[in-house]
Amino acid sequence: MPEVRPAQAQTDYVSRDNHYVYSHNRFGRGCHYLGRFLSRPVSLVADSATRLFAHDQPGKSSPSSEGEKQTQNLSLWARKVARVTAVTLFLVPSLALGILGFSLRMIGNLFRKDISLIQSYVPPAVYYPERGLHLMTYNTGLMPSFIRNLNDLRSSQLRSGEIAAALTRNPDVIPDVVCFQEVFDQQAAKRLCQELSGHYHHIVHSVAPRETGLNSGLAIASKYPVQEVSFRPFSDLAAEDLLANKGLLRIVLDLGNDKTAVVYNTHLQAKDGQTYDAIRVGELKQIRRWVEADSKNDRQNNRHHHGIFLMGDLNIARSDEQGGGGIKNEQYQQGRKALGEKFTDSYYETHDEGNDTRLVERSESFFVNSDQAAIKTANRREPDGSWYLGAGNKVRYPWGSKRWKAHPQVARHCIYDRQLVYRDIEKKWASHTEIRQLGLDVADDLESGLSDHLPVSVIYREAEGFSAAIARLKPENFTTREVRDLVKQLKFDYGRLISDQTGEHTIDEEFSGVNPLCRIAECRTYYKRQPVIVHELDRLEKVVRQSMNPVAGTPGSNTG
């Protein structure tokens, strides 16, 4: 489909609604709903057929209701015989209805807008530098039933409600912006949008629909007003990805006070193999060209954004999720090279680039207590990878259990979902990144969790936002003279008081674009052969980073 160009006035290109709308045309809606009704039998047959090759109870380790318990009283072979019989008897008539139903749905899809946007009653958020930006990327796995069965996932409609509840359960850690991928199932998308609309000012959804009835799977929920929306489709897709419309979604956020930020959301080609690896590299090159073109165009029009962020499921990792944790560093390095040096991976500001583990001496996990409230304190930790083991596994590993954590197929450091910053992260932004575990307090019989991916949260803080935290530092709390001198210099450059009465702070204009954590990193490099000083510098960084904690951080609210 053609590119939806960025708009000067976004209302000219993207219609705004106060609720989820499938189609803005009555005829299109009628075709869709009639087609969905007629194609329902073939969907049920496909659901039954795929369970012959996947888990009998997708995403569950035990039956959760009396009806399911009675079903489980039948032996597995008896249930499979029943499914084979049902598929054989109903395949032909269901296909006949399905052809008509899917044809109507494709006709209805022609009347859909290229991009839809919900404007809820929730007032827009106000950006505070001392609070920072909390961005999340989340591959939801909200797919049609026959696909989610093969991925051992429960009902997409049920999980979409659970995802919304998990994201919004704790007001202190609700992300300011969430970039979703794989929001394919229409009913699941509708429920997700409806339940998030009570917390987010704008929700972009149903992006770039195709004749197949699928779209890009991309959606974005934002507390900040969305000024512009655009989408570019990838030029080269293969296998089942051809049914969808994967690409790059771009939004411009209005942060207030003449500040804007750009957020890109994407989902690259799936599957392993040289063919698909090459496609992913090509897609990353396309992204780099598109972002560079957008940036050049904005500069020519005298538009300077406060930050430019790229996030999504890149389908590249430094380890093999299902191959026992084997390193696939070459694929990751090829992808990073394709993106270019102007993109910085936020993950490695708080994690070791050699083994992908958290730099505990310099940072800590802020979200563990809120995300893992259902797990005993002693067992709480930042997760290492996906829960996913793939369809057909005969041994059960309940989600979050000791067996799950110890299983060799759950690879450490496996991260497909990433966040990157474009251009000058070393000067403008510091970041705190965490892999999240959401929904661990849901019913005990759930094995698959809310998705087959773990969401990634990043808190971004610019130099100005550290001023109050640095003003509170005390040189005498550090043992080495070099670190005490550094603290004094930081306080002079970044933490001076404007007024004793208001408690407001300012920083020297010379350092307004340079993040103080970079000064600490420079000192760590200089004194790398002196472990005592390095230890004190690590302790100083941890103290400064603590102010990024969304629960215990500096005052400021991101609610309007």
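It should be noted that the structure appears before, not after, this text.
So, how was this worked out
Residues numbered from 1 in each chain as written. Predicted model: local features only at pLDDT ≥ 70, side-chain atom pairs only at ≥ 80, totals over all residues. Heavy atoms only, no water. Helix = DSSP H or I, 4+ residues; strand = E, 2+ residues; numbered from the N terminus. Contact = heavy atoms within 4.5 Å. Areas by Shrake-Rupley, 256 points an atom, 1.4 Å probe, with all protein chains shown as cover. Core = buried A, V, L, I, M, F, W, Y, C linked by side-chain atoms within 4.5 Å. Buried < 20%, exposed > 50% of the residue type's maximum accessible area, 1.4 Å probe, protein only. Pairing = 2+ DSSP bridges. Axes fitted to C-alpha atoms, helices over the stretch in contact; angles between N-to-C directions. Salt bridge = Lys/Arg side-chain N within 4 Å of Asp/Glu carboxyl O. Arc of directions from axis to C-beta. Polar contact = N/O pair within 3.5 Å; in protein donor to acceptor, adjacent residues only side chain to side chain. Phe/Tyr/Trp six-rings, centres within 6.5 Å; stacked < 30°, edge-to-face > 60°. Lys NZ or Arg CZ within 6 Å of the ring centre and 35° of its normal. Patch = residues over 30% accessible without salt bridge, like charges linked within 9 Å, V, L, I, M, F, W, Y side chains within 5 Å. Lys, Arg positive; Asp, Glu negative; His and termini not counted. Charge placed at Lys NZ, Arg CZ, Asp CG, Glu CD.

We now examine the overall build of the protein chain. Counting secondary structure elements, the protein chain contains 16 helices and 16 strands. Long-range contacts, defined here as pairs at least 24 residues apart, represent 76% of the contacts in the protein chain between residues at least 6 apart. Surface exposure of the protein chain reaches about 24,600 Å², of which carbon and sulfur atoms provide 53%.

A separate point is the environment of Leu-192. Tracing the sequence through the fold places Leu-192 in helix H7 (residues 186–196). Setting aside residues no more than four positions away along its own chain, Leu-192 makes contact with Leu-142, Ser-160, Ile-163, Ala-164, Phe-180 and Val-183.

Further remarks concern the nonpolar core. Judged by nonpolar contacts, the single largest core of 58 residues is most densely connected at Leu-133, Val-204, Val-229, Ile-287 and Phe-309. Of all the elements, strand S8 (residues 247–256) adds the most residues to this core, at six residues.

The six strands are arranged S7-S8-S9-S10-S12-S11 in an open sheet whose pairing can be described as mixed. Strands at the two margins of the open sheet, each flanked by one partner only, are strand S7 (226–233) and strand S11 (343–345). Taking each pair of neighbouring strands and ignoring which way they run, the sheet shows an average axis angle of 25°. Examined bridge by bridge, S8 and strand S9 (residues 259–267) share eight bridges and lie antiparallel to one another.

Before going further, it helps to examine the pattern of salt bridges. The full count for this structure, using the stated rule, is 24 salt bridges. In this structure, the salt-bridge partner of Glu-228 is Arg-250, at a minimum N-O distance of 3.6 Å. Of this pair, Glu-228 sits in strand S7 while Arg-250 sits in strand S8, and the two are 22 residues apart along the sequence. Like Glu-228, the residue Arg-250 is buried in the burial classification.

This part is about the sheet that holds strand S13 (residues 429–435). The sheet built from eight strands is open, its strands ordered S1-S2-S5-S6-S4-S3-S14-S13 with mixed pairing. Strands with a single pairing partner mark the edges of an open sheet, and in this sheet they are strand S1 (15–17) and S13. Between one strand axis and the next, the sheet turns by 20° as a mean value, whatever way the strands run. Examined bridge by bridge, S1 and strand S2 (residues 116–119) share three bridges and lie parallel to one another. Each bridged residue has a counterpart across the sheet, and for Arg-16 the counterpart in S2 is Leu-117. Along the sheet, helix H6 (residues 156–168) contacts strand S3 (133–142) and strand S4 (177–183); its crossing angle with S3, the most-contacted strand, is approximately 165°.

Further remarks concern the side chain of His-267. By the secondary structure assignment, His-267 is in strand S9. Not counting residues within four places of it along the chain, the set of residues in contact with His-267 comprises Asn-139, Gln-181, Glu-182, Leu-218, Phe-234, Lys-246, Gly-247, Asp-313 and Asn-315.

Okay, H7 next. Buried residues of H7: Gln-186, Ala-188, Ala-189, Leu-192, Cys-193 and Leu-196, and no others. Looking straight down H7, one finds its buried side chains confined to an arc of 160°; they lie on one side. For H7, the capping residue at the N-terminal end is Asp-185, with a side-chain oxygen 3.2 Å from the backbone nitrogen of Gln-187.

To continue, consider helix H15 (residues 516–526). For H15, every residue scored as buried is listed here: Pro-516, Leu-517, Arg-519, Ile-520, Cys-523 and Arg-524. Buried residues along H15 cover an arc of 155° about the axis, so they all sit on one side. Away from the buried face of H15 by more than 90 degrees, exposed residues Glu-522, Thr-525 and Tyr-526 are located. Each element contacted by the buried residues of H15 is listed here: S13, helix H13 (467–471), helix H14 (481–494) and helix H16 (531–546).

The description of an aromatic ring pair rests on the distance of the ring centres and on the angle between the ring planes. Evaluation of the coordinates by the stated rule reveals nine aromatic pairs. Each ring, one from Tyr-347 and one from Tyr-348, has its centre 5.2 Å from the other, and the planes form 85°; the classification is edge-to-face. Of the two residues examined, Tyr-347 and Tyr-348, each falls in the buried class. Aromatic ring contacts, followed pair by pair, group Phe-309, Trp-429 and Tyr-460 into a single cluster. A cation sits over an aromatic face here: Arg-436 above Phe-367, 3.8 Å from the ring centre. A cation sits over an aromatic face here: Arg-461 above Phe-466, 5.1 Å from the ring centre.

Okay, the pairing of S13 next. Most of S13 is tucked away, with seven of its seven residues classed as buried. Going residue by residue along S13, you find Trp-429, Ser-431, Thr-433 and Ile-435 tucked away on one face and Ala-430, His-432 and Glu-434 tucked away on the opposite face as well. As judged from the seven bridges shared by S13 and strand S14 (residues 456–462), these two strands associate in the antiparallel manner. Following the sheet pairing, Trp-429 is matched in S14 by Glu-462.

This brings us to a positive patch on the surface. A surface patch of positive charge is lined by Lys-296, Arg-299, Lys-342 and Arg-423. For Arg-299, a relative accessible area of 42% corresponds to the partly exposed category.

The grouping of Phe-27, Ile-107, Leu-110 and Phe-111 at the surface amounts to a nonpolar patch, some 390 Å² of accessible area in total. Examined against the element boundaries, Leu-110 turns out to sit in the loop between helix H4 (76–109) and S2.

Checked against the element boundaries, Gln-186 lands in helix H7. Since its relative accessible area comes to 11%, Gln-186 is described here as buried. A polar atom in the side chain of Gln-186 sits 2.6 Å from the side chain of Tyr-20. Leaving out residues up to four positions away in the same chain, Gln-186 has contacts with Tyr-20, Tyr-22, His-32, Arg-112, Gly-213 and Asn-215.

Positioned with a positive phi, Glu-182 is a non-glycine residue whose angle comes to about 60°. One can find Glu-182 in strand S4. Using a relative accessible area of 12% as the deciding quantity, one classes Glu-182 as buried. For Ser-206, which is not a glycine, the phi torsion comes out positive at approximately 50°. By secondary structure assignment, the location of Ser-206 is in the loop between strand S5 (202–205) and strand S6 (219–222).

A word on the environment of Lys-542. Looking at the secondary structure, you find Lys-542 in helix H16. Relative accessible area serves as the criterion here: at 28%, Lys-542 is assigned to the partly exposed category. Lys-542 sits 179 residues away from Ser-363 along the chain, and the two C-alpha atoms are 5.1 Å apart.

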